[in-house]
Amino acid sequence: MKTRAAVITEAPGTYKVVDLELEGPRQNELTVKMVASGLCHSDDHIAKGDHGVGRYPICGGHEGAGIVVEVGPHTVGWEVGDHVIFSFLAGCGRCRWCAKGLQNLCDRGAAIMTGGRPDDPNSYRLTLDGAPVAQTCGLGTFSEYTTVSIDSAVKVDKDLPLESLCLLGCGVGTGWGAAVNSAEVYPGHTVIVMGIGGIGINAVQGAAHAGASHIIAVDPIEFKRNAALEFGATHAVATMEEATEIARSFTNGQGADAAIVTVGVTTGEHVAQAFSSIRKAGTCVVTGLGKMEDVGLPISLLELTLYQKRIQGSLFGASAPSADIPWMVEMYRAGKLELDKLVTTTYTLDNIAQGFIDMHEGKNIRGVVLFD
């Protein structure tokens, strides 16, 4: 079938909408008509060339939701009309990591940037003029229709708004889990969240859910600081110096219990600032992505050892998507998890380039592409 999609043909580049051919689903695959797709900074990393991909052109998008229009042969448990949220990380359910509840570290994540199938990086479902087109995370949610593995799909009730629920496929789980799972925030904690975008705003929300007494949001953009206050932050400042001073004022000079780095393009200096802001035995969580070639952290090794501080990486908020996405859906249904207000601006597929311009100008918490 034909589908219109936003692709990157080279990096650095910009997303352009083209007509593609989409192959139907094979066994354990679904073809889905997209309803909504979030605009995540990771998609911009691909456009900028910060992260290499296995093949160009590549169809962008990995945070999406839609309605099943075709089910592959011998694919049990799915039917046409099902509503699905995509997990940008596929989970096989059988590898060592899935078996231990670490589904976000599933071995199939190794194929995430190849653009092929999670179980076969050299197999593609999109073509342009007969040549294969990669799909970001095996999904390619910047396409009107997409064919995906059931390992990347989570079924949800049909009465819920997919334009909000699509954010559970990346941003919400990543930020919320960074606070609750990776930082292990407890009631009464003091937490710093560095960078208030689609990830950071949910780290704020997660820290509030976990019962933190003081949540200090850090962002140079006033609009984002104000948004953080609406989602549970107790303080919002422009610099880490201010945040560290506030944290120490609440902790007898010790520092924050946890600092969570969610900056769009993370550098070693960002991590070092967060590391310096935490107390002895505190946790610095790094969930923002940097450039592949960037190495090294300008931190004191003496401080790392003698203060017993912890630097913790966090992929998808250390979550198990097939369990945690339905759980978050129920929190949303119960009014405990805010999703609707995360969507700042909506765009058409043809206007997707403007969405990334607005991202860089700090106008959005999350932009969302809506499909007809």
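The coordinates are above.
The rules behind the values
- Residues numbered from 1 in each chain as written.
- Predicted model: local features only at pLDDT ≥ 70, side-chain atom pairs only at ≥ 80, totals over all residues.
- Heavy atoms only, no water.
- Helix = DSSP H or I, 4+ residues; strand = E, 2+ residues; numbered from the N terminus.
- Buried < 20%, exposed > 50% of the residue type's maximum accessible area, 1.4 Å probe, protein only.
- Areas by Shrake-Rupley, 256 points an atom, 1.4 Å probe, with all protein chains shown as cover.
- Lys, Arg positive; Asp, Glu negative; His and termini not counted.
- Charge placed at Lys NZ, Arg CZ, Asp CG, Glu CD.
- Patch = residues over 30% accessible without salt bridge, like charges linked within 9 Å, V, L, I, M, F, W, Y side chains within 5 Å.
- Salt bridge = Lys/Arg side-chain N within 4 Å of Asp/Glu carboxyl O.
- Contact = heavy atoms within 4.5 Å.
- Polar contact = N/O pair within 3.5 Å; in protein donor to acceptor, adjacent residues only side chain to side chain.

**Observations concerning the overall build of the protein chain**
Thought 1: In terms of regular secondary structure, the protein chain is built from 11 helices and 18 strands.
Thought 2: Its C-alpha atoms put the protein chain at 65 × 40 × 40 Å along the principal axes.
Thought 3: Here the protein chain, with 372 residues, has 55% of them falling under the buried criterion.
Thought 4: Looking at the protein chain as shown, the accessible area adds up to about 14900 Å², and 52% of this sits on carbon and sulfur atoms.
Thought 5: Of the side chains in the protein chain, 28 bear a positive and 41 a negative charge, and the two mean positions are spaced by 4 Å.

**So, helix 1 (residues 41–48)**
Thought 1: Along helix 1, the residues that are buried comprise Asp43, Asp44, His45, Ile46 and Ala47.
Thought 2: In the segment just after helix 1, Gly49 is the residue with positive phi, at about 85°.

**A word on a nonpolar patch on the surface**
Thought 1: Together, Leu102, Leu105 and Leu315 give the surface a local cluster of nonpolar side chains, amounting to about 210 Å² of exposed area.
Thought 2: Accessibility expressed as a relative area gives 35% for Leu315, which makes it partly exposed.

**Focus: the environment of His209**
Thought 1: With respect to the helices, strands and loops of the structure, His209 is situated in helix 5 (residues 200–209).
Thought 2: Looking at His209, the relative accessible area reads 37%, which means it is partly exposed.
Thought 3: Put simply, His209 and Cys59 are 150 residues apart on the chain and 35 Å apart in space, counted from C-alpha to C-alpha.
Thought 4: Residues contacting His209, with those up to four places away along its chain left out, are Trp176, Lys336 and Leu337.
Thought 5: At 2.7 Å, the side chain of His209 forms a polar contact with the backbone oxygen of Lys336.

**Points about unusual backbone geometry**
Thought 1: A cis amide bond links Ala11 to the next residue, Pro12, at an omega of 0°.
Thought 2: With respect to the element layout, Pro12 can be found in the loop between strand 1 (2–8) and strand 2 (16–22).
Thought 3: The omega torsion across Tyr56 and Pro57 is 0°, close enough to zero to call that bond cis.
Thought 4: On the secondary structure map, Pro57 appears in the loop between helix 1 and strand 4 (58–59).
Thought 5: One non-glycine residue, Asn28, lies in positive phi territory at about 65°.
Thought 6: Its location among the elements puts Asn28 in the loop between strand 2 and strand 3 (29–39).
Thought 7: At Gln308, a position not held by glycine, the phi torsion is positive, near 55°.
Thought 8: Along the chain, the position of Gln308 falls in the loop between helix 9 (301–306) and strand 16 (310–313).
Thought 9: You can call Gln308 exposed: its relative accessible area is 61%.

Function cannot be inferred from these measures alone, as they are strictly geometric.
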